[in-house]
Amino acid sequence: MTGLAHELVSAAQEDRDRERQISAGLRDRLAETRSKLERLQAELTLSKRELEQRIFKLAEVETTLAAERQHWGHDLSEAKAGQRVLLSERIGPLLQDAVDALEIEPSAPSLALKRMKAVLSIIEEAKT
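These figures come from a predicted structure and were not determined experimentally. (Residues numbered from 1 in each chain as written. Predicted model: local features only at pLDDT ≥ 70, side-chain atom pairs only at ≥ 80, totals over all residues. Heavy atoms only, no water.)

This paragraph deals with the overall build of the protein. Per the secondary structure count, the protein includes two helices and zero strands. The C-alpha atoms of the protein give a radius of gyration of 46 Å, which is well past the 14 Å a tight globule of 128 residues would have. For the protein, the spread of C-alpha atoms along the three principal axes comes to 150 × 20 × 20 Å. Residue burial in the protein is summarised as follows: out of 128 residues, 6% are buried. Summed over all atoms, the accessible surface of the protein reaches about 11,200 Å², with 59% contributed by carbon and sulfur. Distance between charge centres in the protein, computed from 20 positive and 23 negative side chains, equals 3 Å. (Helix = DSSP H or I, 4+ residues; strand = E, 2+ residues; numbered from the N terminus. Rg over C-alpha atoms; globule rule 2.2 N^0.38 Å. Buried < 20%, exposed > 50% of the residue type's maximum accessible area, 1.4 Å probe, protein only. Areas by Shrake-Rupley, 256 points an atom, 1.4 Å probe, with all protein chains shown as cover. Lys, Arg positive; Asp, Glu negative; His and termini not counted. Charge placed at Lys NZ, Arg CZ, Asp CG, Glu CD.)

Below you can see the structure in the form of C-alpha cells.
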C-alpha cells in the first residue's frame, strides 16, 4: 500500500512539475507576446504621426502648387496679351505698310525695306 501511495505521490509530483514547466513556458510566451504587442503599438503610433505629418506636408505642397499654377496662368495670359498687342498694334501696321509700298504703282521698295527693318527692330527689342 505504501508503495502504491508512493507511486501516486511520485506521479502527482511529476504531473505538478510538468504543469509548472508548461505554466512557465506559457508565462514566457505571454511576456514575449505582450512585449511584441507594445512594440507594434509604439510603431503604429509612430507611423500614424508620420502619416499625419506627410498628409499635412502634401496639403501644403498642393496649396503651393495651386498658387503657382494660378500665378503661371496669370503670367501666361499677360504674355499672350502682350504678344497680341505687339503683333496687332506695332508689327501688323508696319507689315501692311510694307506690303502696300510693294503693291502700289510705282512700288516703293525703299519704304518697304524701312518698314521691314522696323519690324526686325521691334522683334529684337521684344527678345530682350
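The N-to-C vectors of helix H1 (residues 2-103) and helix H2 (residues 109-127) enclose an angle of 160°; their axes lie 7 Å apart at closest approach. In terms of their interaxial angle, H1 and H2 are classed as roughly antiparallel. Our pair here, H1 against H2, has a crossing hand that is left-handed. Facing Leu86, Arg90, Ile91, Leu94, Leu95, Asp97, Ala98, Ala101 and Leu102 of H1, the residues of H2 in contact are Pro109, Leu111, Ala112, Arg115, Met116, Ala118, Val119, Ile122, Ile123, Glu125 and Ala126. Per-class residue counts for the contact of H1 with H2 are 16 nonpolar, no polar and four charged. (Axes fitted to C-alpha atoms, helices over the stretch in contact; angles between N-to-C directions. Parallel < 35°, antiparallel > 145°, perpendicular 65-115°, else oblique. Left-handed = near helix turned anticlockwise from the far one by under 90°. Contact = heavy atoms within 4.5 Å. Nonpolar A, V, L, I, M, F, W, Y, C, P; charged D, E, K, R; others polar.)

Here we take up the nonpolar core. In this structure, Leu86, Ile91, Leu94, Val119 and Ile122 together form the largest nonpolar core, which totals five residues. Looking at this core, the elements with two or more residues in it are H1 and H2. Examining the composition of this core, we find that three residues originate from one element, H1, more than from any other. Leaving out residues up to four positions away in the same chain, Ile91 has contacts with Leu86, Val119, Ile122 and Ile123. (Core = buried A, V, L, I, M, F, W, Y, C linked by side-chain atoms within 4.5 Å.)

Within this structure, the stated rule accounts for seven salt bridges. The salt bridge involving Asp97 is made with Arg115; its shortest N-O contact spans 3.3 Å. Taken as a pair, Asp97 in helix H1 and Arg115 in helix H2 lie far apart in primary sequence, 18 residues in all. A relative accessible area of 25% places Arg115 in the partly exposed class. (Salt bridge = Lys/Arg side-chain N within 4 Å of Asp/Glu carboxyl O.)

For H2, built from 19 residues, the straight-helix expectation of 27 Å at 1.5 Å per residue is met to within 8% by its first-to-last C-alpha distance of 27 Å. Listing the buried residues of H2 in full gives Ala112, Val119 and Ile122. Axial view of H2: buried residues confined to an arc of 80°, hence all on one face. Away from its buried face by more than 90 degrees, H2 exposes Ser110, Lys114, Lys117, Leu120 and Lys127. Structurally, H2 contributes buried residues whose contacts are with H1. (Expected span 1.5 Å × (residues − 1). Arc of directions from axis to C-beta.)

Everything listed is a geometric property; what it means functionally is a separate question.
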